[in-house]
Amino acid sequence: MTAESHRIIVAGGDLRQVWLAQILSFRGFQVTACGLCRSVEDEKIREEDSLRKALQRADSVAAPVPFLRDGKMTGNCQVPDMDVKTLLSGMSRGSVLFGGNIPGDASSIRCRR
């Protein structure tokens, strides 16, 4: 699989995720951003206001670090479906989740899928 054919969702988080989206786009990946702290301001990066919609085009998901804060995925509160349940149920079989400090119970749910 080449970078150009790999679709990555960068979901939630702070400026680190904005920079990650920009770096991945620069490297040739197809990037969709959802729930970031601000716009990525890059015409090659698609921005979605729904995690469920964004996940329809995902081979991989780059989740925020930390993954959860106060039991919720970190990211922009403007995205109403930015939650673990939507993320895990919306990922297709074989897709990869990247993130930091992912709680054991969340990763075990994903592994059983």
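### Describing the overall build of the chain
Phase 1: Each helix and strand counted, the chain has four helices and seven strands in total.
Phase 2: The order of helices and strands in the chain, counted from the N terminus, is β-α-β-β-α-β-β-β-α-β-α.
Phase 3: For the chain, with 113 residues in total, the buried portion stands at 42%.
Phase 4: Within the chain, counting contacts between residues at least 6 apart in sequence, those at least 24 apart form 54% of the total.
Phase 5: In the structure as shown, the chain presents an accessible area of about 6,600 Å², 52% of it carried by carbon and sulfur atoms.

### Focus: the side chain of Ser95
Phase 1: With respect to the helices, strands and loops of the structure, Ser95 is situated in the loop between α3 (84-90) and β7 (96-98).
Phase 2: Only 2.6 Å separates the side chain of Ser95 from the backbone oxygen of Ser92, close enough to count as a polar contact.

### Overview of the layout of surface pockets
Phase 1: Taken as a whole, the largest pocket encloses approximately 160 Å³ of empty space.
Phase 2: Its residues placed into classes, the lining of the largest pocket shows three nonpolar, three polar and three charged.

### Considering the nonpolar core
Phase 1: Counting 15 residues, the largest nonpolar core has Leu51, Leu55, Val61, Met82 and Leu87 as its most contacted members.
Phase 2: Contributing elements (two or more residues each) for this core: β1 (7-11) and α2 (51-55).
Phase 3: With residues up to four places along the chain from it excluded, the contact list for Leu87 reads Leu51, Leu55, Val61, Phe67, Met73 and Leu97.
Phase 4: Listed in part, the eleven residues of the second largest apolar core include Val10, Leu36, Ile45 and Ala62.

### Let's talk about the pattern of salt bridges
Phase 1: Per the counting criterion, the structure on display carries four salt bridges.
Phase 2: Across the salt bridge formed by Glu41 and Arg38, the nearest N and O atoms sit 4.0 Å from each other.
Phase 3: With a relative accessible area of 69%, Glu41 lands in the exposed category.

### Let's talk about the sheet that holds strand β2 (residues 30-34)
Phase 1: Read across the sheet, five strands follow the order β3-β2-β1-β4-β7 without closing on themselves; strand pairing throughout is parallel. Two strands close off the open sheet at either side, each with one partner strand: β3 (46-48) and β7. Strand after strand, the sheet turns through a mean of 20° between neighbouring axes, direction not considered.
Phase 2: Helix α1 (residues 15-26) rests against β1, β2 and β4 (60-62) of the sheet, and its axis sits at about 165° to β1.

### Topic: α1
Phase 1: Over its twelve residues, α1 runs 16 Å from end to end, which matches the ideal 16 Å to within 8%, given 1.5 Å per residue.
Phase 2: Restricting attention to buried positions, one finds in α1 the residues Gln17, Val18, Ala21, Leu24 and Ser25. Buried residues of α1, seen end-on, are gathered within an arc of 130° and therefore sit on one face of the element.
Phase 3: Taken together, the buried residues of α1 touch β1, β2 and β4.
Phase 4: Gly28 occupies a position one or two residues after α1 and carries a positive phi of about 105°.

Calculation notes
Residues numbered from 1 in each chain as written. Predicted model: local features only at pLDDT ≥ 70, side-chain atom pairs only at ≥ 80, totals over all residues. Heavy atoms only, no water. Helix = DSSP H or I, 4+ residues; strand = E, 2+ residues; numbered from the N terminus. Buried < 20%, exposed > 50% of the residue type's maximum accessible area, 1.4 Å probe, protein only. Contact = heavy atoms within 4.5 Å. Areas by Shrake-Rupley, 256 points an atom, 1.4 Å probe, with all protein chains shown as cover. Polar contact = N/O pair within 3.5 Å; in protein donor to acceptor, adjacent residues only side chain to side chain. 1 Å grid on protein atoms, 1.4 Å probe; cavity = no way out; pocket = protein on both sides within 12 Å on 5 of 7 lines; lining within 4 Å. Points joined across faces, edges and corners; volume = space filled by probe spheres on them. Nonpolar A, V, L, I, M, F, W, Y, C, P; charged D, E, K, R; others polar. Core = buried A, V, L, I, M, F, W, Y, C linked by side-chain atoms within 4.5 Å. Salt bridge = Lys/Arg side-chain N within 4 Å of Asp/Glu carboxyl O. Pairing = 2+ DSSP bridges. Axes fitted to C-alpha atoms, helices over the stretch in contact; angles between N-to-C directions. Expected span 1.5 Å × (residues − 1). Arc of directions from axis to C-beta.

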